[in-house]
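# Structural features, examined
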Amino acid sequence: MTVPGEADARPMGKGKGPKPPAYNVQSVVDADSGLIVHHDVTDETSDNRMLHPMARATKDVLSLDSLTVVADAGYSNGAQASACEDDGITPCAPANRTVNNTGDGTLFDRTAFAYDVMADRFVCPQGRMLERKQVMNKDRLVFYAAKPDDCGACILKSRCTTGSRRHVSRHFDEDALNRMKERATPEMMRIRRSAVEHPFGTIKPMMAGGRFLTRNLKGTRTEMALSILAYNIMRTINTKPTPA
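Residues numbered from 1 in each chain as written. Predicted model: local features only at pLDDT ≥ 70, side-chain atom pairs only at ≥ 80, totals over all residues. Heavy atoms only, no water.

### Considering the pattern of salt bridges
- The final tally for this structure, using the stated rule, is 16 salt bridges.
- For aspartate 87, the salt bridge goes to arginine 56, with nearest N and O atoms at 3.2 Å. Of this pair, aspartate 87 sits in the loop between helix H2 (78-86) and strand S6 (89-92) while arginine 56 sits in helix H1 (residues 51-61); the two residues are 31 residues apart in sequence, bridging distant segments of the chain.
- By relative accessible area, aspartate 87 is classed as partly exposed at 24%.
- Residue class for arginine 56 comes out partly exposed when judged on its relative accessible area of 28%.
- The closest approach of N and O atoms between glutamate 85 and arginine 183, which form a salt bridge, is 3.0 Å. Linking glutamate 85 in helix H2 with arginine 183 in helix H4 (residues 174-183), this pair joins segments that are 98 residues apart in sequence.
- In this structure arginine 183 comes out as partly exposed when scored by relative accessible area, which is 23%.
- Each of Arg56, Asp60 and Asp87 takes part in salt bridges that share partners, so that together they form one network. (Salt bridge = Lys/Arg side-chain N within 4 Å of Asp/Glu carboxyl O. Helix = DSSP H or I, 4+ residues; strand = E, 2+ residues; numbered from the N terminus. Buried < 20%, exposed > 50% of the residue type's maximum accessible area, 1.4 Å probe, protein only.)

In structure tokens, the structure reads:
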């Protein structure tokens, strides 16, 4: 969907209210200096597919062999986590996943099922097996299902599923997603907030409260680049040198 008069912008925002035309500004901040080392302006309506592109570009800009990046839950994406690891990048971000459950929320969720790596199947709380049933390449998911007879005779069925048998899904990049989640410790997330939120809080008042004055991606990218240059200059001037 395009916005009249602003061909590159997209309706963005959360909630049920109107979505104004907007751009997605991405930035990577060095946690030690507070300087923005890389940024981009995109028409992506969410951050879900931006982790690897931004991390890879930052690694190239800084000419690093390895890089650790910390992001919020909006960047939680298994395919992106795998791509980062393949490129020598260590991603840290909390998981942002829907509960693999049906019913009123009182049923066993996916964490109650143990995955058997060697046999490629899940084991339910009652010890019965959920075998591979279907592969969804588009969604990068594998679905596992219990045998109808196992669920029908199970004493825990009322706590597990309202259907004839229980299904559980596993993402192609489940392991990479879990590793990324485990690295996102509370201390890591505290450092992220301290590093990333300050630049945006400083830049927004400089930009008419966070509103672009130019149009289309070319114009907004130029405007954002100038704003970030101004921020980095002010940050450098105001940063006190560390005593020897």
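Now that the structure has been shown, the text picks up again.
### Considerations on the packing of H2 against H4
- Where H2 meets H4, the axes come as close as 8 Å, and the angle between the chain directions of the two elements is 80 degrees. Of the possible angle classes, the one that applies to H2 and H4 is roughly perpendicular. Across from Gly78, Ala81, Ser82 and Glu85 in H2, the residues of H4 making contact are Ala176, Leu177, Arg179, Met180 and Arg183.
- Of the residues that constitute the contact of H2 with H4, the class distribution is four nonpolar, two polar and three charged. (Axes fitted to C-alpha atoms, helices over the stretch in contact; angles between N-to-C directions. Parallel < 35°, antiparallel > 145°, perpendicular 65-115°, else oblique. Contact = heavy atoms within 4.5 Å. Nonpolar A, V, L, I, M, F, W, Y, C, P; charged D, E, K, R; others polar.)

### Observations concerning the environment of threonine 222
- Position of threonine 222 relative to the elements: it lies in helix H6 (residues 216-238).
- Under the relative-accessibility criterion, threonine 222 is labelled partly exposed at 47%.

### What to know about the side chain of threonine 58
- Its location among the elements puts threonine 58 in helix H1.
- Here threonine 58 falls in the buried class, since its relative accessible area comes to 2%.
- Residues contacting threonine 58, with those up to four places away along its chain left out, are Val28, Val37, His38 and Leu67.

### So, the nonpolar core
- Counting residues in hydrophobic clusters, the biggest one holds 16 residues, and the most contacted among them are Leu51, Val69, Ile89 and Met180.
- Elements with a minimum of two residues in this core: H1, strand S5 (67-70), H2 and H4.
- For isoleucine 89, the contacting residues outside a window of four places in its chain are Ala55, Arg56, Lys59, Leu67, Val69 and Cys84. (Core = buried A, V, L, I, M, F, W, Y, C linked by side-chain atoms within 4.5 Å.)

### A short note on the packing of H1 against H2
- In contact at an axis separation of 8 Å, H1 and H2 are set at 20 degrees when each is read in the N-to-C sense. The orientation of H1 relative to H2 falls into the category roughly parallel. Once H1 is placed against H2, the crossing between them reads as right-handed. Residues Leu51, His52, Pro53 and Ala55 of H1 pack against Gln80, Ala83 and Cys84 of H2.
- Each residue belonging to the contact of H1 with H2 can be placed in one class, and the counts come to five nonpolar, two polar and no charged. (Left-handed = near helix turned anticlockwise from the far one by under 90°.)

### Quick word on the pairing of strand S4 (residues 36-42)
- Taken together, the six bridges between strand S3 (residues 24-29) and S4 define a ladder with antiparallel strand orientation. Its bridge partner being in S4, valine 25 is matched across the sheet by valine 41. (Pairing = 2+ DSSP bridges.)

### Focus on the side chain of serine 27
- One can find serine 27 in strand S3.
- Judged by relative accessible area, serine 27 falls into the buried class, the value being 18%.
- Beyond its immediate chain neighbours, meaning those up to four positions away, serine 27 contacts Ile36, His38, His39, Met54 and Phe200.

### As for unusual backbone geometry
- In this structure, alanine 208 takes a positive phi of about 55 degrees despite not being glycine.
- Secondary-structure assignment places alanine 208 in the loop between helix H5 (186-206) and H6.
- Its relative accessible area of 47% is what places alanine 208 among the partly exposed residues.
- Backbone geometry at asparagine 216 places phi at a positive 65 degrees, although glycine is not the residue there.
- Of the residues examined, asparagine 216 reaches a relative accessible area of 32% and is grouped as partly exposed.

### Re the packing of aromatic side chains
- Taken as a whole and assessed by the stated rule, the structure comprises four aromatic pairs.
- Summarising the aromatic geometry, the rings of tyrosine 23 and phenylalanine 212 are spaced 6.1 Å apart at their centres and angled 80 degrees between planes, so their arrangement reads as edge-to-face. With tyrosine 23 in the loop between strand S2 (21-22) and S3 and phenylalanine 212 in the loop between H5 and H6, this pair connects stretches of sequence that are 189 residues apart.
- Residue tyrosine 23 is classed as buried on the basis of its relative accessible area, which comes to 10%.
- By relative accessible area, which is 23% here, phenylalanine 212 ends up partly exposed.
- Ring geometry for tyrosine 115 versus phenylalanine 122: centroids 5.1 Å apart, planes at 55 degrees, classification tilted.
- A network of ring pairs unites the aromatic residues Tyr115, Phe122 and Tyr144 as a single cluster.
- Positioned above the aromatic ring of tyrosine 115, the side-chain terminus of arginine 170 is 3.8 Å from the ring centre. (Phe/Tyr/Trp six-rings, centres within 6.5 Å; stacked < 30°, edge-to-face > 60°. Lys NZ or Arg CZ within 6 Å of the ring centre and 35° of its normal.)

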